[in-house]
Amino acid sequence: MVDDEPANRMPHAGSFRYLAASDTWEWSDELAVMHGYQPGTVTPTTELMLSHKHPDDRTTVAELLENVRRHGAAFSSRHRIVDTAGRTRLVVVVGDRIVGPDGTHAGTAGFYVDITDGFQADIQQEITAELAVITPRRAAINQAIGMVMLRYGLTPEQAFRVLTSLSQNANVKLRDLAERLVEQAAASATPLLTDSAATVFDEWLNTAGRPRRAGSTDEPAAQN
C-alpha cells in the first residue's frame, strides 16, 4: 500500500455528505484541504462548490448537483476543481443516496478522489512500485483496476489511486476491497457499461469507500 501522506501533502481522498432537510453540505477535513481551505474554516454550500468547478465543467456539474439535491440519485462524475490557490485538480466523485427511516430521500453521501496526472515524483514512484508487484495471485486487484478504468475512463495509475485511496479510507486490505468489487460486478447480470450495472457499481464503490466503524475486525489497510 501507499503510505499515508504527510500533513503538508495534498490529500488524495475526502468525503462529503448532503442533508436534504436542512439543504446543507458537510466536508471532511481532507476535502476542505483539497479545495484549499483549512479544516473548520469554511461552510460548504452548493454555490461555493460550484465556484470551485472548472469553468468548462461547471454547467454539467451544476445540473448533476441539482439532480442530487432534488432526488438523491446515486451518481459518479469525473471533472476538474480549482482550489483557492488557483491549482486545477482532476477528481472522481462518487455519491450514493441516504434514505430516511420512512424510506424517503434524506440526502447523499460520497467521496472525492484526486486523480490529477503528474503526482509528486515520490508518490508516482510508489504507485509504479505497487503496480509492479501485483502478481497473478492478486488477479482480483488487476480486475478491479480494469473495471475502474472502464467505468470512469482512467489510466491504470489513476484507477489504482482510486482503489488505494478507498482502501486507506475504509481501513480494509486492498486485496479484500478488490475481491468484493469483483464479486459485486460478477453478480450483475448486465455489462458494466449499461446504466443499471454502472449505477450498482457506483453505489457499491461508494459504500466500500466509507470508513469502517470503531471496533471493526478488518485488518489495517496497509497490510496487502
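Summarised in this report is the structure supplied together with it. Because the structure is a prediction, the values reported are computed rather than measured.

Moving on: the packing of aromatic side chains. Under the definition given, this model contains four aromatic pairs. Aromatic pair Phe 16 and Tyr 112: ring centres 5.9 Å apart, planes at 90°, arrangement edge-to-face. One end of the pair, Phe 16, is in strand β1 (residues 13-19); the other, Tyr 112, is in strand β5 (residues 105-114), and 96 residues separate them in sequence. Note on accessibility: Phe 16 and Tyr 112 belong to one class, buried. With a centroid separation of 6.5 Å and 40° between ring planes, the pair formed by Trp 27 and Tyr 37 is classed as tilted.

Only one face of strand β3 (residues 75-82) is buried, namely the one carrying Phe 75, Ser 77, His 79 and Ile 81, since none of Ser 76, Arg 78, Arg 80 and Val 82 on the opposite face is buried. The sheet contact formed by β3 and strand β4 (residues 88-99) spans eight bridges and is antiparallel. Opposite Ser 76, over in β4, you have Val 94 as the bridge partner. Following β3, the chain reverses through five residues before pairing antiparallel with β4; Gly 86 in that reversal takes a positive phi of roughly 85°.

Here we take up the pattern of salt bridges. By the definition in use, this model includes four salt bridges. In this structure, Arg 87 engages Asp 83 in a salt bridge whose closest nitrogen and oxygen atoms are separated by 2.7 Å. Overall, the relative accessible area of 44% leaves Arg 87 in the partly exposed class. For Asp 83, a relative accessible area of 4% corresponds to the buried category.

This part is about the nonpolar core. Val 148, Tyr 152, Leu 154, Leu 163 and Leu 181 are the most contacted members of the largest nonpolar core, which has 29 residues in total. Of all elements in the fold, only β4, β5, α5 (139-152), α6 (156-170), α7 (174-187) and α8 (195-208) reach the threshold of two or more residues within this core. Of the domains in this structure, domain 1 (10-132) and domain 2 (133-199) are the two that each give at least three residues to this core. Not counting residues within four places of it along the chain, the set of residues in contact with Tyr 152 comprises Ser 76, Arg 78, Val 92, Val 94, Phe 201, Asp 202 and Leu 205. Ranked by size, the runner-up nonpolar core spans 19 residues in total, among them Leu 31, Met 34, Leu 50 and Val 61.

Definitions and cut-offs
Residues numbered from 1 in each chain as written. Predicted model: local features only at pLDDT ≥ 70, side-chain atom pairs only at ≥ 80, totals over all residues. Heavy atoms only, no water. Phe/Tyr/Trp six-rings, centres within 6.5 Å; stacked < 30°, edge-to-face > 60°. Helix = DSSP H or I, 4+ residues; strand = E, 2+ residues; numbered from the N terminus. Buried < 20%, exposed > 50% of the residue type's maximum accessible area, 1.4 Å probe, protein only. Pairing = 2+ DSSP bridges. Salt bridge = Lys/Arg side-chain N within 4 Å of Asp/Glu carboxyl O. Core = buried A, V, L, I, M, F, W, Y, C linked by side-chain atoms within 4.5 Å. Domains from an automatic or database assignment. Contact = heavy atoms within 4.5 Å.

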